[in-house]
Amino acid sequence: MTNWTVEEFMEDIRKETETQFQKEVSEASHQEIYFAISAIVNHQIDKDWEKTNKLYKNKKPKQVYYLSMEFLIGGLLKSNLLHHQMLDVCNTALEKLGLEPEEIYKQEHDPGLGNGGLGRLAACFLDSMASMRYPGHGFGIRYRYGLFEQRIINGYQTELPDYWLDNEYPWERRKPEEAIEIIFGGTVHMHKKYDGSLEFNYENTDKVLAVPYDIPIVGYQNQIVNTLRLWSAEHTSAESPLEFKDYYHEIDHQHTIEQISGFLYPDDSSHEGKHLRIKQQYFLVAASLKQIIREFKNNGNNDLQKLHEKVVIQINDTHPSLAIPELMRILMDEEGFSWDNAWMVTTKTFAYTNHTIMSEALEKWPTDMIQHLLPRLYMIINEINERFCQGIWFDHPELRLEIPKMAIIADNQVHMARLAIVGSFSVNGVAKLHTEILKQQEMKEFHQLYPGRFQNKTNGITHRRWLLMVNPRLSDVISETINDRWIYRPRELTHLLRHIHDKPLLTSIGKIKQQNKQELANVIYRMTGIKVDEQSIFDVQIKRLHEYKRQLLNVFHIMYLYNELKDNPTLDITPRTFIFGAKAAPSYYFAKEVIKLINTMAEIINHDPTIHDKLKVVFLENYNVSLAEKIIPATDLSEQISTASKEASGTGNMKMMMNGALTIGTLDGANIEIKNLVNESNIFLFGLRAEEVYHYYHSGEYQAYEEYQTDERITQIMNQLRDGLYGYYEFKDIYYHLLSTNDSYFVMKDFADYVETQQCVDQVYRNKDEWLSKSLINIAHSGKFSSDRTIKEYASSIWKIDNI
Ligand code: 26W
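Residues numbered from 1 in each chain as written. Predicted model: local features only at pLDDT ≥ 70, side-chain atom pairs only at ≥ 80, totals over all residues. Heavy atoms only, no water.

Trainee: How would you sum up the overall build of the protein? Please name residues and give values.
Mentor: Of the regular secondary structure elements, the protein holds 32 helices and 23 strands. Across its three principal directions, the C-alpha atoms of the protein cover 90 × 70 × 60 Å. Expressed as a percentage of the 804 residues in the protein, the buried residues total 61%. Excluding contacts between residues fewer than 6 apart, the proportion of contacts in the protein whose partners are at least 24 apart in sequence is 77%. As presented, the protein carries roughly 32100 Å² of accessible surface, and 49% of it is formed by carbon and sulfur atoms. (Helix = DSSP H or I, 4+ residues; strand = E, 2+ residues; numbered from the N terminus. Buried < 20%, exposed > 50% of the residue type's maximum accessible area, 1.4 Å probe, protein only. Contact = heavy atoms within 4.5 Å. Areas by Shrake-Rupley, 256 points an atom, 1.4 Å probe, with all protein chains shown as cover.)

Shown next, in the form of structure tokens:
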């Protein structure tokens, strides 16, 4: 670690600006300053990166590889500065140079290489692994276009391409010399060799080059730099001069190949584009496995039979689960293993994390598609399936009737979750309730078959980014109060509980929240032109837009409050600002209608002088990691209102709690674990429990139409949707959808309880001391949700790895 003085740092900025752009600092653009500082940080990183790689080479520890189709790493300049102990110096240096540090940091275009929680979790995990000195690395895809950029036009979501690579991305290092050739399609021929073994030859295949781009993952002030390797698809160079007639064909072909890493699929229930998605998955898996094996061999290991002693591969949901048959293929076809040996090694190498029980997200690929694209893999998957089903008849005949629910290939589809369970030694859910649901409901047959295979690993978030970096004022006050050991041991945040009656502390926590709200209010004003009252409750729901997450329930509450105020303008309610951020999958019509509804309510409410600014509604477009970083520290109330049983964990709930927000939520996902820590008096709970949700599904007792008819508040809201809001806009499709699906996510069923609980929120917020002490209790217990804890659990009970 270098201890820079401010003067040295200023000098470095000057030098870099001069060498890179031949400009004085005063002439350089913010972009250029951003590149200059990135270069300074990169020099430091490169030294540590090399050292870390040497350390791994010498000590040869067991390594974990995290395979994921998504990594939502967010901006890296600020976090890399922080992790290199350069942030304060850099801030001061910039100020002295007459620059506003935040103006520079926001030049970075965050790579939107993920949809939501699953991708952000992968990024938090990488941060924790590096910060705790675990030899762990990520493998993913360098999509040319990340998740679309959202613009709200006329209240509707429109999607624009996300050109994140338009400017150079300073954190990646292209490594063309380590490129790997991947083979798709063609036909397979089987030959028996003289010794009786089989050989597979491929004809008419497509070849694709996987070119690595490495991104450093910098540990927190510990000189460890791990690697996130993202693969980019490129064409292999044409071997001979092209005939003219082949020329256009060839260009076309090259284009198709580059499409493999062309864009990230939105988490989408539509069925288009499956073909390319499978190609992406195989591309990731094949390149990563070759690399892993190459490294294993380079470390002087020549016995792949021992692969699992040095390597463990975590697959992030089913998306990379083709890795299982691909490793089988390598071991058998390239390394001469027997089926049984290959299977033994494979099933000791992979561990699988499930992130959802939503059926539309459970991947199933048409068999003919896999057969056509990956003929040899299809043969292997078939064999895995045959042996698996036979095994049930031989060893567990009591489960024979469940075979249709467990077979990997059924109804002409490959069921990826089943493949992942069968091919892994560990299956984990991401919060206690979710894991129980996997074991008792969604995967119960598998749990009966492999009871020891299932385990829970409750998600976590990196407190370094989500508290230390995004909320420096709160971090400082915490450190002044309990000392700064919490940065290394986040569980020590519980020491704050000793200060629960410390009035000055509560006051300063209150002040900090106020400052953060002021800053967010400025952002809101810049983005939308809406002026919000910083004294109002900042009521926040930020997450992907999905029916199960029930943004619609939140809207129903807003409509209800507005209707009340229209009837009685002097009604005494605590002023609120409702803040939303959400992207809807482009083909998810209902979700897009909800966005339009939120924006319509915003339009109506924000322009209605009769309600005296008691309510404001704000939809912030293009929700992403950097926007989250501004919203979360300013949140008073965290909306975690999914239909119980549907949200596997949630991680936004943890981030907001850590920044002193109180949660209003259902007993779902990690909310339950938050409740267990802070206890029921410090969280606002409402709504059906998971068992009740299951009960209503099975019994058919719930009648949404009756709910609509009996609760007058709902009648009014629904009729407004049907007939037009305040004489103008109509949302007939939402009205119809809710009734025709019998309100399958229980928006109407949970409405009354939600409104009543929101009234409690209103009351508690009026008592500043009470609110602040609840806020402190939430911060104090949030240490459990550091991803450092999660990673330690993975390391000790799944990966069996030690830190270095
Ligand atoms: C089929 C492609 C696809 C891709 C992404 C389907 C679904 C997705 C989601 C966006 C997956 C996801 O983000 N799941 C979330 O994972 C978080 C981390 O475990 C959990 O906290 C959330 O509850 C879960 O919804």
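Trainee: An account of the packing of aromatic side chains is needed here, citing residue identities and associated values.
Mentor: This structure, assessed with the given rule, holds 26 aromatic pairs. Ring geometry for Phe 139 against Trp 231: centres 6.0 Å apart, planes inclined by 10°, an arrangement best described as stacked. Highlighted residues: Phe 139 in strand S2 (residues 136-141) and Trp 231 in strand S10 (residues 225-235), separated in sequence by 92 residues. Using a relative accessible area of 4% as the deciding quantity, one classes Phe 139 as buried. Here Trp 231 falls in the buried class, since its relative accessible area comes to 0%. Ring centres of Trp 164 and Tyr 169 lie 5.0 Å apart, and the angle between their planes is 70°; on these two criteria the pair is classed as edge-to-face. Judged by its relative accessible area of 3%, Trp 164 is buried. Residue placement shows Lys 175 over the ring face of Trp 49; its charged tip is 5.6 Å from the ring centre. The ring centre of Phe 148 lies 5.5 Å from the NZ or CZ of Lys 583, which sits over that ring. (Phe/Tyr/Trp six-rings, centres within 6.5 Å; stacked < 30°, edge-to-face > 60°. Lys NZ or Arg CZ within 6 Å of the ring centre and 35° of its normal.)

Trainee: Tell me about the nonpolar core, residues and numbers included.
Mentor: Of all hydrophobic cores here, the largest spans 275 residues; its most connected members are Phe 9 and Ile 37. Of the residues forming this core, the biggest block, twelve residues, is contributed by helix H8 (residues 274-298). Those residues in contact with Phe 9 that sit more than four places away from it in its chain are Trp 4, Ile 37, Ile 40, Leu 81, Met 86, Val 89, Cys 90 and Ala 93. (Core = buried A, V, L, I, M, F, W, Y, C linked by side-chain atoms within 4.5 Å.)

Trainee: How would you summarise helix H26 (residues 690-699) if you had to cite specific residues and measurements?
Mentor: Three or more residues of H26 are buried, namely Ala 690, Val 693, Tyr 694 and Tyr 696. Along H26, the residues classed as buried sweep out an arc of 165° about the axis, all on the same side. Turned more than 90 degrees away from the buried face of H26, the exposed residues are Glu 691 and His 698. Tucked into the core, H26 has its buried residues touching helix H16 (432-442) and helix H30 (747-766). (Arc of directions from axis to C-beta.)

Trainee: I'd like a rundown of the pairing of strand S19 (residues 576-581), residues and numbers included.
Mentor: Burial runs high along S19: six of the six residues are buried. The side-chain alternation of S19 yields two buried faces, one formed by Arg 576, Phe 578 and Phe 580 and the other by Thr 577, Ile 579 and Gly 581. Pairing geometry for strand S18 (residues 537-542) and S19, over six bridges, is parallel. Paired with Ile 537 across the strands is Arg 576, a residue of S19. One crossover worth recording links S18 to the parallel S19 by way of helix H21 (residues 551-567), and it is right-handed. By the bridge criterion, five bridges tie S19 to strand S20 (residues 615-619) in an arrangement that is parallel. (Pairing = 2+ DSSP bridges. Right-handed = clockwise from strand over helix to strand, strands pointing away.)

Trainee: Residue-level account of a nonpolar patch on the surface, with values.
Mentor: A cluster of nonpolar side chains, Met 190, Leu 198 and Met 379, forms an exposed patch at the surface whose accessible area comes to about 280 Å². If you trace the backbone, Met 190 turns up in strand S7 (residues 187-192). (Patch = residues over 30% accessible without salt bridge, like charges linked within 9 Å, V, L, I, M, F, W, Y side chains within 5 Å. Salt bridge = Lys/Arg side-chain N within 4 Å of Asp/Glu carboxyl O.)

Trainee: Provide a residue-level description of the sheet that holds strand S13 (residues 364-366), including the pertinent values.
Mentor: Pairing is antiparallel in the open sheet, where three strands are placed in the order S13-S15-S14. At either end of the open sheet lies a strand with only one pairing partner, and these are S13 and strand S14 (409-410). Here two bridges tie S14 to strand S15 (residues 413-415), and the two strands are oriented antiparallel to one another. Along S15, the bridge assignment pairs Ala 410 with Gln 413.

Trainee: Let's hear about the site of the ligand: which residues, and what values?
Mentor: If you check the shell around the ligand, you find 17 residues, and the closest are Leu 118, His 355, Asn 459, Glu 647 and Gly 650. Contact distances for the ligand include 2.9 Å between an oxygen atom and a backbone N or O atom of Leu 118. At 3.3 Å, a backbone N or O of Ala 648 approaches an oxygen atom of the ligand. Relative to its free-state accessible area of 570 Å², the ligand is covered by the protein chains to the extent of 93%. At three residues, helix H6 (residues 117-131) tops the list of elements feeding residues into the shell around the ligand. Split into classes, the residues belonging to the shell around the ligand amount to five nonpolar, seven polar and five charged. (Near = heavy atom within 4 Å. Polar contact = N/O pair within 3.5 Å; in protein donor to acceptor, adjacent residues only side chain to side chain. Nonpolar A, V, L, I, M, F, W, Y, C, P; charged D, E, K, R; others polar.)

Trainee: Talk me through the sheet that holds S19; I want residue IDs and the actual numbers.
Mentor: Across the sheet, six strands lie side by side as S20-S19-S18-S21-S22-S23; this open sheet has parallel pairing. Edge positions in the sheet fall to S20 and strand S23 (684-685), since each of these pairs with one other strand and no more. Most of the contacts of helix H20 (residues 503-528) go to S20, to which it runs at about 65°, and overall it touches S18, S19 and S20. Across the sheet, helix H22 (residues 589-606) is in contact with S19 and S20; its angle to S20 comes to roughly 140°. (Axes fitted to C-alpha atoms, helices over the stretch in contact; angles between N-to-C directions.)

Trainee: Residues and numbers for the pairing of strand S3 (residues 149-153), please.
Mentor: In the sheet, S3 pairs with strand S4 (residues 156-160) via five bridges, with the strands oriented antiparallel. Bridge pairing in S4 places Ile 153 opposite Tyr 156. Hairpin geometry of S3 and S4 is characterised by an intervening segment of two residues between the two adjacent antiparallel strands and by a positive phi of about 60° at Asn 154.

Trainee: Requested: an account of the pattern of salt bridges, with residues and values cited.
Mentor: A complete count under the given rule lists 48 salt bridges for this structure. A salt bridge links Asp 769 to Lys 503; the nearest nitrogen and oxygen atoms lie 3.9 Å apart. Of the two residues, Asp 769 sits in helix H31 (residues 768-781) while Lys 503 sits in helix H20, which places them 266 residues apart along the sequence. By relative accessible area, Asp 769 is classed as partly exposed at 39%.

Trainee: Break down the packing of helix H19 (residues 472-482) against H20 for me, citing the residues and quoting the values.
Mentor: It is at 9 Å that the axes of H19 and H20 come closest, and there the two elements cross at 165°. Taken as axis vectors, H19 and H20 run roughly antiparallel relative to one another. Seen along the crossing, H19 lies across H20 with a hand that is right-handed. Here Arg 473, Leu 474, Val 477 and Thr 481 of H19 lie close against H20, whose contacting residues are Leu 505, Ser 508, Ile 509, Ile 512, Gln 515, Asn 516 and Glu 519. Of the residues that constitute the contact of H19 with H20, the class distribution is five nonpolar, four polar and two charged. (Parallel < 35°, antiparallel > 145°, perpendicular 65-115°, else oblique. Left-handed = near helix turned anticlockwise from the far one by under 90°.)

Trainee: Tell me about unusual backbone geometry, residues and numbers included.
Mentor: Negative phi values dominate among residues other than glycine, just as trans dominates among peptide bonds. For Gln 85, which is not a glycine, the phi torsion comes out positive at approximately 60°. One can find Gln 85 in the loop between helix H3 (77-83) and helix H4 (87-96). The residue Asn 204 is not glycine, and still its phi comes out positive at about 55°. Structurally, Asn 204 can be placed in the loop between strand S8 (198-203) and strand S9 (206-218). Under the relative-accessibility criterion, Asn 204 is labelled exposed at 67%.

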